[in-house]
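Here's the letter readout for the chains.
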Amino acid sequence: MSIQGWTFVFVGITFAAYLLIAWLSRVRDTSGFYVAGRGVPAAANGMATAADWMSAASFISMAGLISTMGHAGGMYLMGWTGGYVLLALLLAPYLRKLGNYTVPDFVGDRYESSVARLVAVVCAIFVSFTYVAGQMRGVGIVFSRFLEVDVTVGVVIGMAIVFTYATLGGMKGITWTQVVQYWVLITAFLIPAIAISIKLTGSSVPQVGMLEMLSKLDGLHEELGFASYTTPFAGGWDKLNVACVTLSLMIGTAGLPHVIVRFYTVKNVKAARWSAFWALLFIALLYLTAPATAAFARYYMIESLNGKQSEELPSWFTSWEQTGLVLWLDDGDGRVAYRGGEQADDNEIFRGGKLGAAELTTIRVDHQAWLTSGGREGQDGRAILRAKGLAGPDRDIIVLATPEMAALADWIVALVAAGGLAAALSTASGLLLVISSSVAHDLYYRIIDSDASEAKRLTVGRRVIGLAVVVAGLLGIFPPGFVSQVVAFAFGLAAASFFPAIVLGIFSKRVGTVPATCGMIAGLVFTGQYIVGCVYGGWPPWCFGIGPQGIGVVGMLVNFAVTLALTPFTKPPSAEIQELVDSIHEPELSSDSA
Amino acid sequence: MSSTSSSPDPAGARDPRVREALRRHRRRTVMLQVVLLVTWAVAGLGCGVLFADVLQDAWPGKYLGFWFAQQGSILVFVVLVLIHALVMNCLDVAHQRAIAGHAAEQAAS
C-alpha cells in the first residue's frame, strides 16, 4: 500500500474513534459540559492535559525549530515543560480547591468585580484564538501534503470532526477524545524516532543515539559554515534573549487558560497534584524525544541533499518542493549545495515563506534566465531569497519529512500524519472549549443573564463553541503567520495577563480589585504593543534588546509592578474574600476526598 | 465540592490547636515550595541557560550544557512535580490525622 493509502487508513480509523467517543460521552448538564462532571481520574486527566498541551506546534514545528537552532532550541523544551512546575506548585491545587468552572470565573470571584472578570474573558478569548490559529494551519499542512487535498478542504474536514465531539460532549467528550489522541500522537512521534535512531546510530533509545550523533553533526556544521549545533549561544541567540524566552514560555504555560481548566475536571486537590505529575510525565515522553528527532533530521537534511544531482534527489524532496516549503536554486553546477554562515553565498536551498505562487514562479523563471545567459539576463534568485531571509528549508517540514528522509516504511510515514492531526485537533478542541466557556459561562451567565436556566446555558455554550469552530476554521484557511511564532505570542500574552493576577489572588489577602485589573490591562497592553510594533511595525527591540518572543517576562513584571504599586492606595478585599483566600490554603478534610 | 463545604466549621477554625495545626501545615508547605522552586530555577534557568556555556566548556566533548538545555532540565522538572505530589499529599494526611486526633480527645473529655 502507498503512503497515501496508509494515511487514509490511519486518519479514517482515528477520526471514526473520535466520533464514536463523541456519541458515547454526550452530556446533558453544564457541569458535564464545562468540567466533565469533575469525575476524570488523575492519570486520564494527565493524558488529556498532555494532548491538550502538545499542539501542532509541539508535534510538527518544535523538532524543526530545534533542528535549525541547535542548542538555543532548548528554550522551547525547557519553557514548555518548566511551566508545569509552576502550575503544579503554585496554581493547580489551589484553583481546584476553590472549584470554579473557568479562569475568568476565579478572577471575577476573587476580585469581586465584573470588570476584572471581563478583562479576564477578553484575555482568555484573545490568547485562545491566537493559539488556535496555529493549530488549524497545522491541520492544513498535514492534509495538503499527505492526502493531497486542498488546504481549505482539509481544514473543513478537521473542523467538522471537532464540531461534532465538542458540541455533543463538551468537556467530557473533549477529555476522552484527548486521551485517545494522546496515544495516537505519542506513538506517531516515538516509533519514527526509535526507527531512525536504530538505523542511524544502532541505539534503540533515541536520547542515547542523539548523544553519539553530536560530534558528527558538529563536524558537518563546521565544514559547511553553519553555526555549531551544540555550543551555547552560537547562532544569533544571546543569553538574555534565551533566558527571557524560556521564562516567558514557562510563565505563559502556567497562565494558559486551556491548561488550567483541565485541573478543574478532577475529583479533588490530591488528584489535581497527581494529574499535574502525570501530565508532565506524558509530555516529557515527547519533549525528551524531540531533540533526538531534531538532531537526526538535521543530519539527514545535510547528508541527503548536499552534492546531489537533480536525478539523485530523494523523492521526499520533490514532493515537498511542490508545497514551496523547500526550494532548490542551482548555481549552474547541477549539484545541490546547502550551506550557511560565512558560506551563505553558496547556499542553494531555500523556502517559499509567505511568497505567493506567482512571485515564486517569477523568481524561478528569472533565475533560469540568469543561469542560461550566464548572468547577462534575468536575476540570481538565490540573492533575492537570501535577502528576504528565506535561506534553508521551512522548519515545519522537518518532523513530517524525517521519516521519509530516513526511508522508513510507508505505514510509519502515514502514522506521523495521523499523529500531527491528533496533536492539532486535541489542542484546538481544548481551546475552543475555553472560548465557549468564557463567553457562555462568564460573559452570558455571570454578567448578562444570571437567571438563565440550565438548559438555556447549555444551548448557549453549544452555540458559542459551534461559532468558535467556524472562526478557527477561517483562521486556518487564511493563516496569520508562522505556526510556532503565533503560538509563542499567545504565551507572552498569557504570562503578562493571567499569571500575576492568579498568583496574587491565591497568595495575597491584600490585593484588591482595582490594582489587579489595572495590572492585567497594563501587562496586556505593554506586551501587545511591543509584539505588534516589533513584528509588524518594524520597531527595533528597544527594551534591552529583548525580542518579541521573550517580552512576556517584562509584561509580567509590569503587571506585578502596577498591581503592587497600586495596592497600598486601594482598599483591601472584603472579609469574605479574605476568608476565602485563607480557605484555599487549608488542606482538604478527609470527607472532601471521599 | 464548593469552597464553603471544604472549609472547616467556624467553631473548629477558632480552636487554637486546630489553628496551630493549620499554621504548621502552611509553614511546611511554604518550605517545600521554596526548596522545589529554587531547584527548578537552578536546573532550568541556571544549568540550561545561564551557566550552559560554563558547563559546556568544563568537560569538553561531553556536551553537558547542551544536554542540560535539551534533556536534563526536563528530567529534573518531572522529578520535582513527583516529589511535590507525594510530599504534599502526605502533609495533608498528617494534618487530617492531627485534627481527627484532637477531635477524638475532645469527644472523650
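Scroll up to find the structure.
It should be emphasised that the depicted structure is a prediction, and the values quoted were computed from it without experimental measurement.

Draft legend 1. View of the overall build of chain A. Counting secondary structure elements, chain A contains 23 helices and two strands. Expressed along its principal axes, the backbone C-alpha trace of chain A runs to roughly 80 × 55 × 45 Å. Looking at chain A residue by residue over its 594 residues, the buried ones come to 58%. In chain A, of all internal contacts separated by at least 6 residues, the share reaching a separation of at least 24 is 82%.

Draft legend 2. Highlighting the overall build of chain B. A tally of helices and strands in chain B yields five helices and zero strands. Secondary structure elements of chain B, listed N to C terminal, follow the sequence α-α-α-α-α. Buried residues in chain B amount to 34% of all 109 residues. A separation of at least 24 residues holds for 60% of the contacts in chain B among residues at least 6 apart in sequence.

Draft legend 3. Quick look at the environment of F233(A). With respect to the helices, strands and loops of the structure, F233(A) is situated in the loop between α9 (206-224) and α10 (239-255). You can call F233(A) partly exposed: it has 19 C-beta atoms within 10 Å. Contacts of F233(A), omitting those with residues within four sequence positions, involve D238(A), K239(A), V242(A) and D53(B).

Draft legend 4. Highlighting the nonpolar core. In terms of nonpolar packing, the biggest core is built from 232 residues, with L185(A), A276(A), L432(A) and V81(B) touching the most fellow members. Top contributing element to this core by residue count: helix α12 (residues 269-305) of chain A, with 25 residues. Not counting residues within four places of it along the chain, the set of residues in contact with V81(B) comprises Y84(A), V85(A), A88(A), A276(A), F277(A) and L280(A).

Draft legend 5. Layout of the interface of chain A and chain B. Counting from both sides, the interface comprises 46 residues of chain A and, opposite them, 41 residues of chain B. Counting residues per element, the ones that place at least two in the side of chain A that touches chain B are α5 (74-98), α9, α10, α12, α22 (575-585) and α23 (590-593) of chain A. When the residues that make up the side of chain A that touches chain B are grouped by side-chain class, the tally is 26 nonpolar, 12 polar and eight charged.

Draft legend 6. Broad picture of unusual backbone geometry. Positioned with a positive phi, E112(A) is a non-glycine residue whose angle comes to about 45°. For E112(A), the position within the fold is in the loop between α6 (103-110) and α7 (114-146).

Draft legend 7. Spotlight on the packing of helix α4 (residues 56-69) of chain A against helix α16 (residues 397-405) of chain A. Residue and element names in this part refer to chain A. Contact geometry of α4 with α16 gives a least axis separation of 6 Å together with a crossing angle of 85°. The angle between the axes of α4 and α16 places the two elements in the roughly perpendicular class. Residues F59, I60, A63, G64 and S67 of α4 pack against I398, V399 and L400 of α16. For the contact of α4 with α16, the per-class residue count stands at six nonpolar, two polar and no charged.

Draft legend 8. Structural context of α16(A). Residues and elements named next belong to chain A. Burial within α16 is extensive, with nine of its nine residues counted as buried. Taken together, the buried positions of α16 are I397, I398, V399, L400, A401, T402, P403, E404 and M405. Positive backbone phi, at 55°, marks A407, one or two positions downstream of α16.

Draft legend 9. Up close: the packing of α5(A) against α10(A). Residue and element names in this part refer to chain A. Viewed as axis vectors pointing N to C, α5 and α10 meet at an angle of 40°, and their least axial separation amounts to 7 Å. Here α5 lies oblique to α10, going by the angle between them. Between α5 and α10 lies a crossing of right-handed hand. Side by side, α5 and α10 meet where M75, Y76, M78, G79, W80, G82, G83, Y84, L86, L87 and L91 of the first sit next to V242, V245, T246, L249, M250, I251, G252, T253 and A254 of the second. Of the residues contributing to the contact of α5 with α10, the split by class is 14 nonpolar, six polar and no charged.

Draft legend 10. Up close: the environment of I302(A). All names here are of chain A. Tracing the sequence through the fold places I302 in helix α12. Judged by C-beta crowding, with 19 C-beta atoms within 10 Å, I302 ranks as partly exposed. Through-space distance from the C-alpha of I302 to that of S61 is 18 Å; in sequence the pair is 241 residues apart. In contact with I302, not counting residues within four places along its chain, are L220, L224 and Y338.

Draft legend 11. Looking closely at α4(A). A rise of 1.5 Å per residue sets the reference length of α4(A), with its 14 residues, at 20 Å; its end C-alpha atoms lie 19 Å apart and thus fit the reference within 8%. The buried fraction of α4(A) amounts to 14 of the 14 residues, a majority that puts the element mostly inside the structure.

Draft legend 12. Structural view of the environment of A455(A). Residue and element names in this part refer to chain A. Here A455 is to be found in helix α18 (residues 454-477). When the 11 C-beta atoms within 10 Å are taken as the criterion, A455 is described as exposed. Separated by 196 residues in the primary sequence, A455 and V259 place their C-alpha atoms 27 Å from one another.

What counts, and where the lines are drawn
Residues numbered from 1 in each chain as written. Chains lettered and ligands numbered in written order. Predicted model: local features only at pLDDT ≥ 70, side-chain atom pairs only at ≥ 80, totals over all residues. Helix = DSSP H or I, 4+ residues; strand = E, 2+ residues; numbered from the N terminus. Buried ≥ 20, exposed ≤ 12 C-beta atoms within 10 Å, placed from the backbone. Contact = placed C-beta atoms within 7 Å. Core = buried A, V, L, I, M, F, W, Y, C linked by C-beta atoms within 7 Å. Nonpolar A, V, L, I, M, F, W, Y, C, P; charged D, E, K, R; others polar. Axes fitted to C-alpha atoms, helices over the stretch in contact; angles between N-to-C directions. Parallel < 35°, antiparallel > 145°, perpendicular 65-115°, else oblique. Left-handed = near helix turned anticlockwise from the far one by under 90°. Expected span 1.5 Å × (residues − 1).

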